[in-house]
Every structure is written in structure tokens, then in C-alpha cells.
Amino acid sequence: MTAHDETAHDETAQQEAPHEVRRGHSLAEPLHVLDRTTPTHEEHRLLKEIGPLVPVDADGVRAWVATTEEAARAVLDVRPPLSKHPDEWTALRRGEVPPDWALLPMLTAHSMINRDGAEHRRLRGIAATGFTAKRVKAMRPRVTAITRRLLDELDPGSPVDLKERFCQPLPVIVVFELFGITGRDELAWFHERYTAQVDGRSGETARVAASAQVREALGELVRRRRADPAEDLTSALVEAGADGRCTDEELVGTLDLLLLAGHETTVHALCNTVHALLTHPVQLAAALAGEHPWSHVAEVGLRWNGPVRGLRARYAARDVVVAGALVRRGEPILVSLAGANRDGAPFDLSPPQGAGHIGFGVGAHLCLGAALARQELEIALGELFGRFPRLRLAVPEARLRLLGSTVVNGLEELPVLLEPGA
């Protein structure tokens, strides 16, 4: 698909009202109640049967959910009159959104992910200072070394929870080290609180408290780096935002976003892709035989079972038709990201991936850390299966438990038998 085709594709999905729309769809009567205990793709199938844009009840908050890749691309591209700024959300302005709603801290943080136009470009420009192609490439030896050390620490003689021992610590160490958070206790403290924000087993009060604690700690980190800069990305962000170019609140919001998105999504992307390979032996055999590079395997994994269940809120700044549904001014739209990415396709490494997946967003809002995440996944998959080519599940697949999260799509654990090759 060409860039011109994609433009026409999005303009077809999103039009200003009035236009002919489907009847019976409105936030006044949600057609589905989101249930984080329902497996991601099972719930997505139910949503997609209703339509490409579905009014839902999300823990007491009414919103639209985009279910198809076409509708998701139109929403993620954030063309006017859609906006990312929470000030456009009528229910929030009226105080109708519960203060302990699980997604609220992420959707209201003062960072580039919740801003439009010039403000988005300013904040993104500051954040981008640390994610240059040169910096990401320079990190490759360090990512490889961390990966190999974690694999060295695994015991092939007994079942191992691969998520806990490998998929989780690798992105955590890489991203937090990048920002200058290297102490074992400090790293564990941050990770525990970020996990509480996305884990469905955490109560809403715990999630809100964890978010507040993280932001307070990051505020202190910004103050320390301003007084005593170091060779890390936090110091680079502080310098980039100096002389009034960025407030402390914006710096904290940017740090919070980059740390959370930079490790939590990669944890589940890696875990989900390993799980997919272990449950699709023909595809795994093809990868082990070198028929596909591990970078390609990672992309297929991201599309087939991505790590983000639903997020990326957009708001209608005026009435607009999206995918045939009339979205009124001030109404929010969420994206069923993992579901729209898969869109019913099987896990198959051989077909071309076409225009690519939407797991990292689209257009000007593409994830800044996409290159680093891809590098981590490529290295991790190659090193893991290079060391343990006979890796297999230690329990029947039916015994694996999902997190049950509103935000992420992943497993509670991934018990495996390592069985190294000869």
C-alpha cells in the first residue's frame, strides 16, 4: 500500500459529520461492557461482530472502541477533528470520570502522547533527543551482553518461568539503565509500581497510588539531574528542556511515558512471541532453520499478538463520522490495538506483512522507542533460541493464565523447559 493509498484509506474511515451513518450506535446505550477477565482476542471477536466502531462501557466510563485495522488507523492518525488532548473529553471536564479509573493517569499525563499539533511536536522533539538511530545502534552490544547474562543464569535442569527470569528483566534493565536508574533496589521499586499500574490483579486504589509514587520519584530524579547531570537519557531530556522549553511537569510526564512504554510493552511483546512460536511448531522450525530473520519473526509476533490490549484515546473536537458511526463532540475513542492488529490472521511467518502493523502507532505519532524495542526483540529471540533450540512449554497451554489487564495483553507467567541443543 502506498502512502497515497493510506491517505485515501484513512479519509474514507474518518469524515466530518453530517454523513449517512449506521443507526442505533451511540454512547447513550453501550453495546458491550468491556471485561478484562475475557481473553483479549475473544473479546475482540465479540466487538468486531458488532462493528468497526463500538460504543462500550469500560469500568463505568463510556467510550467508543475501534475494532478493525482500517478504523484503528484512522483513529491513531489523529487528523482533525480528532484530538489527543484530554481537555476535549466532555465527561472528564464535567467530573464524570471516576478519579480511580484505571486508564485515567495515562490519558491525562502532561506528555506528548496526550497533546496535538505544535505542543506535540515540541514535546516529541525533546523526548527524541535520546532515541537517535546512532544511540540505539550503539546500545546493541550492551543489549546483547545483558541478554546473554540473563540466559547464563537460567538452570536447564528444572522448569523456568521465562517471563520472570528473561522476558521481564531484559527490557527493564535496558530501559532503566538508559535513563540512569541502575541500582538493584531502585530498579525493583520502579518496576513493582509500573507493574501495579497495568496488572489486572491490582486494585484501582493501588494503581492510582503507584502512579502518584512514580511521578513523585521521577520529579526528584529530574531535580537531581538538573543539579548534577550524568551520562544518561534523563540528563539529556533535562538539558533539552532547559531555558523554559519544557516545564518540570512535562519532563516528569515524558519520563513516565518513556519508562512505562519502554519496558512494559516489550516484556509482553517478547513473552507473547515466544509463546506463539512454542505453540506453532511448523513456524518455529522454519525460524530455527534460518528461513526467516529474527527481526521478521518479531514483526509477525507484534502483529499477531501485540502487547497492548486497548489504549490510545482520541477525542472528537466536533461531530465526526468514523467508520460509519457518528461520534459526537467530546466523546472518547479507544483502540482495540492487539485485536485490530491481528484482525483474524493466523500466526504465519511466510506471507509478506504488507503495510506493516499498527503496534507502534502510525504517522507522526509513531512510538519513539520502536527502533529500540525491535532491536531488543530481535536480539532476545535470536539468543534465546540459539541457546535453547528445543525450548518447549512446561505445562499444557490451557493452564497458562492471562493477566486480565485493561492496558496490556499478556501472560501471568510462561513456564518452560529449556533443553539446550547439542
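Above this note sits the structure.
Reading guide: rules and limits
Residues numbered from 1 in each chain as written. Predicted model: local features only at pLDDT ≥ 70, side-chain atom pairs only at ≥ 80, totals over all residues. Heavy atoms only, no water. Helix = DSSP H or I, 4+ residues; strand = E, 2+ residues; numbered from the N terminus. Rg over C-alpha atoms; globule rule 2.2 N^0.38 Å. Contact = heavy atoms within 4.5 Å. Core = buried A, V, L, I, M, F, W, Y, C linked by side-chain atoms within 4.5 Å. Buried < 20%, exposed > 50% of the residue type's maximum accessible area, 1.4 Å probe, protein only. Pairing = 2+ DSSP bridges. Polar contact = N/O pair within 3.5 Å; in protein donor to acceptor, adjacent residues only side chain to side chain. Axes fitted to C-alpha atoms, helices over the stretch in contact; angles between N-to-C directions. Parallel < 35°, antiparallel > 145°, perpendicular 65-115°, else oblique. Left-handed = near helix turned anticlockwise from the far one by under 90°. Nonpolar A, V, L, I, M, F, W, Y, C, P; charged D, E, K, R; others polar. Lys, Arg positive; Asp, Glu negative; His and termini not counted. Salt bridge = Lys/Arg side-chain N within 4 Å of Asp/Glu carboxyl O. Right-handed = clockwise from strand over helix to strand, strands pointing away.

Engineer: Got a minute to help me understand the overall build of the chain in this structure?
Structural biologist: The secondary structure content of the chain amounts to 18 helices and 12 strands. Rg of the C-alpha trace for the chain: 21 Å, near the compact-globule value of 22 Å for 422 residues, within the 12% margin. Oriented by its inertia axes, the alpha-carbon framework of the chain measures out at about 65 × 55 × 45 Å. When contacts within the chain are restricted to residue pairs at least 6 apart in sequence, those whose partners lie at least 24 apart make up 74%.

Engineer: Any chance you could explain the nonpolar core here in plain terms?
Structural biologist: One recurring pattern in soluble globular proteins: nonpolar side chains tend to sit buried together. Core analysis: the biggest nonpolar cluster contains 126 residues, and Leu162, Phe166, Phe179, Val274, Phe385 and Leu391 have the highest contact counts within it. At 14 residues, the largest contribution of residues to this core is made by helix H14 (residues 248–278). Ignoring anything within four residues of it in the chain, the contact list for Phe179 reads Phe131, Asp232, Leu233, Thr234, Leu237, Leu255, Leu258 and Leu259.

Engineer: Would you take a moment to explain the sheet that holds strand S6 (residues 160–161) for this structure?
Structural biologist: Hydrogen bonds along the backbone pair up the strands of a sheet, which may run parallel or antiparallel. Within the open sheet, the 3 strands sit side by side as S6-S12-S11. Their pairing is antiparallel. This sheet does not close on itself; its edge strands, each paired only once, are S6 and strand S11 (392–393). As paired elements, S6 and strand S12 (residues 415–417) share 2 bridges and run antiparallel to each other. Bridging across to S12, Asp161 finds its partner in Pro415.

Engineer: What is the right way to look at unusual backbone geometry in this model?
Structural biologist: Residues apart from glycine generally show negative phi values, whereas peptide bonds are mostly found in trans. Along the chain, Pro80 connects to Pro81 via a cis peptide bond; the corresponding omega equals 10°. Structurally, the position occupied by Pro81 is in the loop between helix H3 (69–76) and strand S5 (82–83). The backbone phi angle of Asp59 is positive, close to 55°, even though this residue is not glycine. Within the element layout of this structure, Asp59 appears in the loop between strand S3 (53–58) and strand S4 (61–66). For Val78, which is not glycine, the phi dihedral falls at a positive 50°.

Engineer: Please explain helix H13 (residues 233–240) as it appears in this structure.
Structural biologist: What sets the pattern is the α-helix's 3.6 residues per turn: residues three or four places apart point alike. The buried fraction of H13 is high, at 7 of 8 residues. Inspection of H13 places Leu233, Thr234, Ser235, Ala236, Leu237, Val238 and Ala240 among the buried residues, and these make up the whole buried set. Capping the start of H13 is the job of one residue whose side-chain oxygen sits 3.2 Å from the backbone nitrogen of Thr234: Asp232.

Engineer: It is not clear to me how the packing of helix H16 (residues 294–304) against helix H18 (residues 370–387) should be interpreted in this structure. Could you clarify?
Structural biologist: For any two helices packed against each other, the geometry is given by the interaxial angle and the distance between the axes. Closest axis-to-axis distance for the H16/H18 pair is 8 Å, and the angle between their directions is 115°. The angle between H16 and H18 falls in the class roughly perpendicular. Crossing angle aside, the handedness with which H16 passes H18 is right-handed. For the pair formed by H16 and H18, the contact residues are Trp294, Ser295, Val297, Ala298, Glu299 and Leu302 on the first element and Arg374, Leu377, Glu378, Leu381, Gly382 and Phe385 on the second.

Engineer: Please clarify how the packing of helix H10 (residues 169–178) against H18 should be interpreted in this entry.
Structural biologist: Contact pair H10 / H18: the axes reach a minimum separation of 11 Å and the direction vectors enclose 140°. By the angle class used here, H10 and H18 are oblique. Crossing of H10 over H18 shows right-handed handedness. In contact with Leu170, Pro171, Val174, Val175 and Leu178 of H10, H18 contributes Leu372, Glu376 and Ala380. Its residues assigned to classes, the contact of H10 with H18 shows 7 nonpolar, no polar and 1 charged.

Engineer: Just to check I follow, could you spell out the sheet that holds strand S10 (residues 332–335) for this structure?
Structural biologist: Spatial ordering of the open sheet is given by S2-S3-S4-S10-S7-S5, a layout of 6 strands whose pairing is mixed. The open sheet is flanked by strand S2 (32–33) and S5, the only strands paired with a single partner. Note: S3 against S4, 6 bridges, orientation antiparallel. The partner of Val54 across the bridge, within S4, is Val65. Contacts between H3 and the sheet are confined to S4, S5, strand S7 (311–316) and S10, with S10 contributing the most and set at about 125° to the helix.

Engineer: Please explain the side chain of Glu331 as it appears in this structure.
Structural biologist: Take Glu331: it is sitting in the loop between strand S9 (325–327) and S10. It turns out Glu331 is buried and unbridged, and the closest side chain with the opposite charge, Arg328, is 6.1 Å from it. Looking at Glu331, its side chain comes within polar contact range of the side chain of Trp64, at 2.8 Å. Polar side-chain contacts of Glu331 include one of 2.9 Å to the backbone nitrogen of Arg328. If we ignore the near neighbours within four places in the chain, the residues touching Glu331 are Leu27, Trp64, Arg314, Tyr315, Ala316 and Leu326.

Engineer: Is there a simple way to think about the pairing of S3 in this case?
Structural biologist: Each regular strand displays side chains that alternate between the two surfaces of the sheet. A large share of S3 lies buried, amounting to 5 of its 6 residues. As paired elements, S2 and S3 share 2 bridges and run parallel to each other. Bridge assignment links His32 to a residue of S3, and that residue is Val56. Once the chain exits S2 it traverses helix H2 (residues 40–50) before rejoining the sheet at S3, and the crossover so formed is right-handed. Between S3 and S4, which follow one another and run antiparallel, lie 2 residues, and Asp59 among them has a positive phi close to 55°.

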